[in-house]
Amino acid sequence: MEHLIHCGQVLEECPNGCQAFIPRIRMRSHLKECPRNQHHLGSEQRTSVSMDRLDRLDRLDRQSDQRLLVIEQDVATIRSVLNEEIRQRLHLITDVGNIRKQNQVVEDWTRETEKAIDDLRCQTEQETSRKAFAIEQNQLDVQYCCDITQSLKEQVQSRLDEAQKLVNQLSADVTCHQNQLNDNILKLEELIFENERLNREKFFQIEEFLQQINEDIKTKLGNSDYVTSKQATLDYEVKNVKNIVCETEERCDKLDRALHQTLQNISDLETQMAMQQRIASVQNIRGHLIWRIKDYSKKLEESKQYDTILHSAMFSNKAFGYALRLDIYLNGKGTWKGRNMIACLNVLSGEYDPLLAWPCRLQAEIIIRDQCSNAADAEDYVKTIFVRKKSDDFIQSNQYFHIPHKVITSRSYLRNDSMFIEVRVLK
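A brief structural summary. Counting restarts for each chain, with residues numbered from 1 along the sequence as it is written. Per-residue local features are limited, in this predicted model, to residues with pLDDT of at least 70; the limit for side-chain atom pairs, both in listing and counting, is 80 or more; totals at the level of whole chains, interfaces and linings are taken over all residues. With hydrogens and water stripped out, all remaining heavy atoms of the structure feed into the side-chain values.

1. Looking at empty space enclosed by the protein
(1) Moving on: A pocket here means an open set of points on a 1 Å grid, computed over the protein atoms alone, that has protein on both sides within 12 Å along at least five of seven lines. A cavity is instead a set of points where a 1.4 Å probe fits but cannot get out; residues with an atom within 4 Å of a point line either one. Grid points are joined across faces, edges and corners, and a volume is the space filled by probe spheres set on the points. Scanning all chains against the criterion turns up two cavities of 30 Å³ or more.
(2) Moving on: Within this model, the largest cavity holds a volume of roughly 70 Å³.
(3) Moving on: Around the largest cavity, the lining residues are L152, Q155, V156, R159, E351, Y352, P354 and L355.
(4) Moving on: Amino acids outside the nonpolar list (Ala, Val, Leu, Ile, Met, Phe, Trp, Tyr, Cys, Pro) and the charged list (Asp, Glu, Lys, Arg) are all regarded as polar, and Gly is one of them. Residues that form the lining of the largest cavity fall into these classes: five nonpolar, one polar and two charged.
(5) Moving on: Of the voids in this model, the second largest cavity is the one considered here, and its volume is about 50 Å³.
(6) Moving on: Surrounding the second largest cavity, N199, K202, F203, I206, V241, I244 and V245 form its lining.
(7) Moving on: Strands here are runs of E lasting at least two residues and helices are runs of H or I lasting at least four, both read from the DSSP assignment and numbered beginning at the N terminus. Ranked by residues supplied to the lining of the second largest cavity, first place goes to helix α3 (residues 44-219) with four residues.
(8) Moving on: Here the lining of the second largest cavity is built from residues that sort into five nonpolar, one polar and one charged.

What follows is the structure, encoded as structure tokens:
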């Protein structure tokens, strides 16, 4: 109501009676232009009243203008406050939205974390139960291994005892065979001496007979028939003597070969006895062997004459593994004889064969080491071989490989009449 009293936009009727309704703030300008203003100028009373009223209106207008300015300032202030509040509310709404999104993300992460924790808890329980079962199984396995180890120790001990008995028996057999061989050698020597004595006597007889023939030829030179018959008889006797000499030489060669074969058998028996002694405790268990062959030229000549075989030391591809040995024919064998060195890697009967996997399949490298003075310039000769054996009681057919003699004599594979052969078991 107070605002309506002072508001300049309120419509008021013109006091001059022109029947016009003018806003209060424009009343003064209207009164100056009102058509009926001339009819009332004569009346001083109305003029004074109008002047008072106009003054009052002027004051009201000024007050209204001042109040309007104040109100406009207040409205502007309120608008700025409202705008600031709206901006703050928008910021608050945005922050609330972000917080809600963050809360949603946190809730999702919390749910996923709880799910992951539950999964981890389940996995931990499963892993705990699995580890408990594994520990129990390991304990059972350890106990089983202990029992197996104990039984293996007992079996090994029993087999060692049997091997020792066998070695003792072999030693006794070897001693007996050696004594027999010594007796046979003595008999052979006596027989050779007797044959030499007989041959010497026959040669003396032949010389005497030839001297007699020469004397007869001199005394009976005139009788050609007698000379012809004597010549025929002499030729016949010479042929007989030659045959006897040839037979004697063949017997001597056979005896020499038999003697060398006997010595070879003795060496093989000694090697077998030593091998039986080493089978139970093979020292080389890394599948690696380096074998030095000394006096190569001498052993090559013996191989050419007597077909001798060279045997390497026993070794194994691993601890408690297959028993292996390298055998070499320096002068070759069969169709390869005379031009090549023949070798084979043999799988022998060992103490631990019942515990090994059969059939046996091994791959190895045979290396002839280059004995060059400068190790950087050395070029080893490498040969890859495959070894197979069906079972521990199967008689192995040797799988030979050849190395030409011209390869051995090239470079520095032979030095100081010695050769180094290296064996590496790959798998």
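2. Observations regarding the environment of N374
(1) Moving on: Mapped onto the secondary structure, N374 falls in the loop between β8 (360-368) and β9 (381-389).
(2) Moving on: The rule is simple: take the accessible area with a 1.4 Å probe, protein chains only, and divide by the maximum for that residue type; under 20% is buried, over 50% is exposed, in between is partly exposed. On the accessibility criterion, N374 (39% relative accessible area) is partly exposed.
(3) Moving on: N or O atoms within 3.5 Å of each other form a polar contact, as long as, within protein, one can give a hydrogen and the other can take it, and as long as residues adjacent in sequence are counted only when both atoms are side-chain atoms. Reaching out from N374, the side chain makes a polar contact with the side chain of D377 at a distance of 3.1 Å.

3. Here we look at the nonpolar core
(1) Moving on: Here, nonpolar core means buried Ala, Val, Leu, Ile, Met, Phe, Trp, Tyr and Cys residues that are tied together by side-chain atoms lying within 4.5 Å of each other. Formed by 33 residues in total, the largest nonpolar core has its most connected members in L324, L326, I328, M341, L345, M419 and I421.
(2) Moving on: In terms of residue count, the dominant contributor to this core is β8 (five residues).
(3) Moving on: Should any heavy atoms of two residues lie within 4.5 Å, those residues are counted as being in contact. Those residues in contact with L324, other than ones at most four positions away along the chain, are A313, M314, F315, N317, L345, N346, V347, L362 and V425.
(4) Moving on: In this structure, M27, C34, L57 and L60 belong to the second largest nonpolar core, which totals seven residues.

4. Here's the deal with the sheet that holds β9
(1) Moving on: Pairing is antiparallel in the open sheet, where four strands are placed in the order β3-β11-β8-β9. With partners counted over all chains shown, the strands left at the sheet margins are β3 (288-293) and β9, one partner each. If you compare each strand with its neighbour and ignore which way they point, the axes differ by 20° on average. Paired strands are those between which DSSP finds at least two bridges. Structural elements are reduced to axes, namely lines fitted to C-alpha atoms, with helices fitted over the stretch in contact, and the angle between N-to-C directions of any two is expressed from 0 to 180 degrees.

5. Quick look at the pairing of β8
(1) Moving on: Of all nine residues that make up β8, seven are buried, and the element is covered over most of its length.
(2) Moving on: Pairing geometry for β8 and strand β11 (residues 419-425), over five bridges, is antiparallel. Bridge assignment links A364 to a residue of β11, and that residue is V425.

6. Considerations on the pattern of salt bridges
Opposite charge on two side chains makes pairing possible when the charged atoms of those side chains draw close.
(1) Moving on: The working definition used for a salt bridge is a side-chain nitrogen of Lys or Arg within 4 Å of a carboxyl oxygen of Asp or Glu. Scanning the model with the defined rule gives 13 salt bridges in all.
(2) Moving on: A salt bridge links R89 to E85; its shortest N-O distance comes to 2.8 Å. Of this pair, R89 and E85 both sit in helix α3, four residues apart, which is roughly one turn of the helix.
(3) Moving on: For E85, a relative accessible area of 30% puts it in the partly exposed group.
(4) Moving on: Among the salt bridges present, the one from D118 reaches R121, with a minimum N-O distance of 2.9 Å. Taken as a pair, D118 and R121 lie in helix α3 at a separation of three residues, close to a single helical turn.
(5) Moving on: You can call D118 partly exposed: its relative accessible area is 39%.
(6) Moving on: Note on R121: relative accessible area 43%, which makes it partly exposed.
(7) Moving on: The network of salt bridges with common partners includes R369, D380, E422 and R424.

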